[in-house]
Amino acid sequence: MIPFNKPYFTGKETQYIEEAVKLGKISGNGFFTQKCQQFFESRYGFKKTLLTTSCTDALEMAAIY
């Protein structure tokens, strides 16, 4: 059975948090955000990908567009 609402851990979370802190960008358009956006753009051929903090933020952006 797949547990509902249980996050998947790779074991590298602490390392990635430390990297983000060392890079000085822990929110917004930081290194890992850009990495995720590039992954989705190249993997699925999206023209542009923007990550949001919530579905509400995404819906607001879509409404403005």
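Predicted, not measured: the structure shown is a model, and the values here were computed from it.

Residues F39, F40, Y44, F46 and L51 make up a contiguous nonpolar surface patch of about 480 Å² in total accessible area. As for its placement among the helices and strands, F40 is situated in helix α2 (residues 31–44).

All chains considered together, the criterion is met by 5 aromatic pairs. When the centroid spacing of 5.5 Å and the interplanar angle of 50° are considered together, the rings of Y16 and F32 count as tilted. Within this pair, whereas Y16 is found in helix α1 (residues 13–23), its partner F32 is found in helix α2, the two being separated by 16 residues in sequence. What makes F32 partly exposed here is its relative accessible area of 25%.

Here we take up unusual backbone geometry. Leave glycine aside and you will find that most residues have negative phi; peptide bonds, for their part, are mostly trans. Even without being glycine, N5 reaches a positive phi, approximately 60°. Mapped onto the elements, N5 comes out in the segment before α1.

Another aspect to go through is the state of the cysteines. Under the criterion given, the structure shown has 0 disulfides. Unpaired in terms of disulfides, C36 finds its nearest cysteine sulfur in C55, a separation of 18 Å. Judged by relative accessible area, which is 35%, C36 ranks as partly exposed.

With respect to the helices and strands, T49 occurs in the loop between α2 and α3 (55–64). Residue contacts for T49: discarding those within four places in its chain leaves Q37, F40 and E41.

What counts as what
Residues numbered from 1 in each chain as written. Predicted model: local features only at pLDDT ≥ 70, side-chain atom pairs only at ≥ 80, totals over all residues. Heavy atoms only, no water. Patch = residues over 30% accessible without salt bridge, like charges linked within 9 Å, V, L, I, M, F, W, Y side chains within 5 Å. Areas by Shrake-Rupley, 256 points an atom, 1.4 Å probe, with all protein chains shown as cover. Salt bridge = Lys/Arg side-chain N within 4 Å of Asp/Glu carboxyl O. Helix = DSSP H or I, 4+ residues; strand = E, 2+ residues; numbered from the N terminus. Phe/Tyr/Trp six-rings, centres within 6.5 Å; stacked < 30°, edge-to-face > 60°. Buried < 20%, exposed > 50% of the residue type's maximum accessible area, 1.4 Å probe, protein only. Disulfide = S-S within 2.5 Å. Contact = heavy atoms within 4.5 Å.

Coordinates in, geometry out; function isn't part of it.
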